[in-house]
Amino acid sequence: MSAPLLPTGTDATDPADGSDDPSRTAGTGPAGRPPARDRYFDLLRAVALFRVVLYHLMGWAWLPVLFPSMGVMFALAGNLMARSLKRPAVQVVRGRMRRLLPPLWLLGAIGVSGMLAQGWSPDDDGHPGWWFLHLTFWVLPLSDPPYAEGLAGIQGVLGEDWAAELAGPLWYIRAYLWFVLLSPFLLKALRALPWATIAAPLVLSGVLHLGWFSLPGERIDSALTDFGTFGACWILGMAHQQGVLQRLPQYVVPSLAPIVGAFGLWYAFHEGFRGGHDLDSIPFAQAVWSFATVLLLLHLSPSWAEWPRRLRPFDRLITLLNSRAVTIYLWHNVCILVAAGLYDRLWGFETLELTVPWLLESPWPVLVLVWILISGCVLAFGWAEDLAARRRPRLWPDGSAGRGGSGKRRARARA
């Protein structure tokens with residue numbers, strides 16, 4: 001889960017207080033102050049988000065290998081969290097939760113209402129009391145929020161079992177919340193024992209994968225599995241912000257990371273890596289490969305206060321993706337389901353079926369339709385991110401308005 005127009009003393013990249021708005025113009029502050037945004041991190045976050053959508057549509061097993069999006073996103077969040085913790089921990093955690101939860105509440109209000117309208121009830125769980133208790137996870141996702149299974153959907157528009165697709169991405173919200181709550185303690189451990197703290201989640205992931213001990217209940221098991229899988233990436237992000245990685249000799253990371261990554265890939269293939277059984281199905285391999293990739297990306301880590309020339313044409317798109325990252329992530333699965341349903345209806349046109357069946361079978365037009373629907377979700381639901389950040393709601397925060405305003409102010413100053 002950075003602006004130059006911040007009050008003095010405000011953390012320029014802290015999403016907990018709403019000041020990480022990438023739609024504002026990037027630049028530098030007073031002398032000695034770091035850049036308002038690191039555009040390299042913005043690029044990584046945008047690529048990670050696009051890859052998540054592409055993977056959930058295409059299902060290509062090699063995509064998480066090419067770019068382990070979740071590890072990258074957790075590392076970037078850990079980096080920002082470590083920077084924010086220069087302020088009181090309670091204030092930072094409260095602010096980060098405030099930024100995270102309102103978009104989830106909006107999704108839950110719409111999704112749970114739809115499930116109830118289609119007949120979901122306490123009796124479906126067999127234990128009405130637990131059903132009502134578990135509903136509170138839509139308010140504070142300390143565990144995965146519940147959802148109805150096997151719903152019929154809407155013929156030709158919303159596919160079957162849509163509730164499962166809607167709830168699918170929520171594991172990330174739950175894992176992110178736990179990382180936020182644990183960050184003050186992780187940061188203290190990192191400062192005391194940096195490399196032991198970084199390695200601990202990998203060790204945990206290996207122990208869980210080997211089955212050396214069992215855990216009571218699926219909810220505890222899933223939470224610990226996610227911590228083991230992505231905890232090292234989160235802590236790597238914190239270590240980068242604290243300067244731990246920069247203290248290593250320059251040759252260490254480029255020498256070590258490929259070896260670690262190769263071991264992760266070897267283990268994945270050893271465990272039957274293939275389509276339908278990819279890195280997501282092999283948490284330990286995912287943990288090792290994500291760790292190695294994130295380590296290299298953070299080692300390279302150029303500091304871009306402004307875009308390199310070749311990336312400037314993508315500024316508005318990357319800014320928009322960063323400004324609406326939570327909305328896009330929460331709604332993209334439903335958009336994929338709706339897009340697939342709508343596109344399948346074209347098979348009902350005999351002319352298209354006879355003349356361009358290859359086009360009807362292609363996933364690429366569906367991808368375009370998915371992003372059109374995601375754009376609609378940005379317009380319809382993105383305001384929740386602005387309210388959570390205590391900003392004035394905006395329909396399309398791609399930074400164009402801010403840059404235009406800055407240009408007008410510079411023109412007036414020159415006049």
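All values derive from a computational prediction rather than experimental measurement.

Participant: Quick question: what am I supposed to make of a nonpolar patch on the surface here?
Facilitator: Side chains of Trp 105, Val 139, Leu 140, Leu 142 and Trp 178 sit close together on the surface and give an oily, nonpolar patch of about 430 Å² of accessible area. Following the sequence through the fold, Leu 142 ends up in the loop between helix H5 (128-135) and helix H6 (162-167). Residue classification places Leu 142 among the partly exposed residues on the basis of a relative accessible area of 32%.

Participant: I tried to follow the environment of Val 157 on my own but got confused; where do I start?
Facilitator: Assignment of secondary structure puts Val 157 in the loop between H5 and H6. A C-alpha to C-alpha distance of 5.6 Å links Val 157 and Leu 342, two positions 185 residues apart in sequence. Those residues in contact with Val 157 that lie beyond four places of it in its chain are Leu 337, Val 338, Gly 341, Leu 342 and Arg 345.

Participant: Teacher, can you tell me more about the pattern of salt bridges here?
Facilitator: Charged atoms that come close allow side chains of opposite charge to pair. Enumeration according to the criterion identifies nine salt bridges in this entry. Its salt-bridge partner being Arg 324, residue Asp 386 comes within 2.6 Å of it at the nearest N-O pair. One end of the pair, Asp 386, is in helix H17 (residues 383-388); the other, Arg 324, is in the loop between helix H12 (315-323) and helix H13 (325-344), with 62 residues separating them in the sequence. As far as the burial class goes, Asp 386 and Arg 324 line up, both buried. Where salt bridges share partners, they join Arg 39, Asp 42, Arg 45 and Asp 315 into one cluster.

Participant: I would appreciate a short explanation of the environment of Leu 43 in the present structure.
Facilitator: By the secondary structure assignment, Leu 43 is in helix H1 (residues 39-58). For the pair Leu 43 and Leu 321, spaced 278 residues apart in sequence, the C-alpha separation works out to 9.4 Å. Other than its neighbours up to four places away in sequence, Leu 43 contacts Trp 304, Trp 307, Leu 311 and Ile 318.

Participant: Explain helix H9 (residues 218-242) to me, please; I cannot follow it from the model alone.
Facilitator: Because each turn of an α-helix spans 3.6 residues, side chains separated by three or four positions end up pointing in the same direction. Here H9 is 25 residues long and its end C-alpha atoms lie 35 Å apart, about the 36 Å a rise of 1.5 Å per residue gives. In the structure, H9 departs most strongly from a straight axis at Phe 230, where the bend amounts to approximately 50°. Residue Gly 243 follows H9 closely and has a positive phi angle near 85°.

Participant: Please explain the side chain of His 332 as it appears in this structure.
Facilitator: Note on placement: His 332 falls in helix H13. Exposure remark for His 332: the relative accessible area of 0% places this residue in the buried category. Excluding residues that lie within four positions of it along the chain, His 332 makes contacts with Val 52, Val 53, His 56, Pro 169 and Ile 374.

Participant: Mind showing me how you'd approach the packing of H13 against helix H16 (residues 364-381) here?
Facilitator: At a minimum axis separation of 8 Å, H13 and H16 run at an interaxial angle of 135°. The orientation of H13 relative to H16 falls into the category oblique. The chirality of how H13 crosses H16 is right-handed. Facing H13, whose interface residues are Thr 327, Ile 328, Trp 331, His 332, Cys 335, Ile 336, Val 338, Ala 339, Ala 340, Leu 342 and Tyr 343, H16 presents Pro 365, Val 366, Leu 369, Val 370, Trp 371, Leu 373, Ile 374, Cys 377, Val 378 and Phe 381. Here the residues of the contact of H13 with H16 are counted per class, giving 19 nonpolar, two polar and no charged.

Participant: How do you make sense of a negative patch on the surface when you look at a structure like this?
Facilitator: Residues Glu 149, Glu 160, Asp 161 and Glu 165 make up a contiguous surface patch of negative charge. With respect to the helices and strands, Glu 149 occurs in the loop between H5 and H6.

Participant: Looking at this structure, I do not really get the nonpolar core. What am I missing?
Facilitator: Within soluble globular proteins, side chains that are nonpolar tend to cluster in buried spots. Membership of the largest hydrophobic core comes to 119 residues, with the highest contact counts inside it found for Met 115 and Trp 234. With 13 residues, the top contributor of residues to this core is H13. Dropping the residues within four chain positions of it, Met 115 is found in contact with Trp 120, Trp 138, Tyr 147, Ala 148, Leu 151, Trp 162, Ala 163 and Leu 166.

Participant: What am I meant to see in the packing of aromatic side chains here?
Facilitator: Where two aromatic rings form a pair, the distance of their centres and the angle of their planes describe that pair. Under the definition given, this model contains 27 aromatic pairs. Measuring from centroid to centroid gives 5.6 Å for Tyr 40 and Trp 304, while their planes differ by 85°, and the two rings are edge-to-face. Highlighted residues: Tyr 40 in helix H1 and Trp 304 in the loop between helix H11 (283-300) and H12, separated in sequence by 264 residues. Considered together, Tyr 40 and Trp 304 belong to a single accessibility category, that of buried residues.

Participant: Sorry if this is basic, but what is going on with helix H7 (residues 170-192) here?
Facilitator: Counted at 1.5 Å a residue, the expected span for H7 with its 23 residues is 33 Å, and the 33 Å between its end C-alpha atoms agrees. The sharpest bend along H7 reaches about 55° and sits at Ser 183, with the proline Pro 184 one to four residues further on.

Participant: Would you mind going over the packing of helix H3 (residues 69-84) against H7 with me for this structure?
Facilitator: For any two helices packed against each other, one specifies the crossing angle of their axes together with the interaxial distance. Packing of H3 against H7 leaves a shortest axis separation of 10 Å and a crossing angle of 40°. With respect to H7, the axis of H3 lies oblique. Considering the relative orientation of H3 and H7, their crossing is right-handed. Contacts from Met 70, Met 73, Phe 74, Ala 77, Met 81 and Ala 82 of H3 reach H7 at Trp 171, Tyr 172, Ala 175, Tyr 176, Phe 179, Val 180, Ser 183 and Leu 187.

Participant: Got a minute to help me understand the side chain of Ser 205 in this structure?
Facilitator: As for its placement among the helices and strands, Ser 205 is situated in helix H8 (residues 194-210). For Ser 205, a relative accessible area of 4% puts it in the buried group. Discounting chain neighbours no more than four positions away, the residues touching Ser 205 are Gly 228, Thr 229, Pro 283, Phe 284 and Ala 287.

About the criteria used
Residues numbered from 1 in each chain as written. Predicted model: local features only at pLDDT ≥ 70, side-chain atom pairs only at ≥ 80, totals over all residues. Heavy atoms only, no water. Patch = residues over 30% accessible without salt bridge, like charges linked within 9 Å, V, L, I, M, F, W, Y side chains within 5 Å. Areas by Shrake-Rupley, 256 points an atom, 1.4 Å probe, with all protein chains shown as cover. Salt bridge = Lys/Arg side-chain N within 4 Å of Asp/Glu carboxyl O. Helix = DSSP H or I, 4+ residues; strand = E, 2+ residues; numbered from the N terminus. Buried < 20%, exposed > 50% of the residue type's maximum accessible area, 1.4 Å probe, protein only. Contact = heavy atoms within 4.5 Å. Expected span 1.5 Å × (residues − 1). Bend = angle between axes of the 7 residues up to and from the residue. Axes fitted to C-alpha atoms, helices over the stretch in contact; angles between N-to-C directions. Parallel < 35°, antiparallel > 145°, perpendicular 65-115°, else oblique. Left-handed = near helix turned anticlockwise from the far one by under 90°. Nonpolar A, V, L, I, M, F, W, Y, C, P; charged D, E, K, R; others polar. Lys, Arg positive; Asp, Glu negative; His and termini not counted. Charge placed at Lys NZ, Arg CZ, Asp CG, Glu CD. Core = buried A, V, L, I, M, F, W, Y, C linked by side-chain atoms within 4.5 Å. Phe/Tyr/Trp six-rings, centres within 6.5 Å; stacked < 30°, edge-to-face > 60°.

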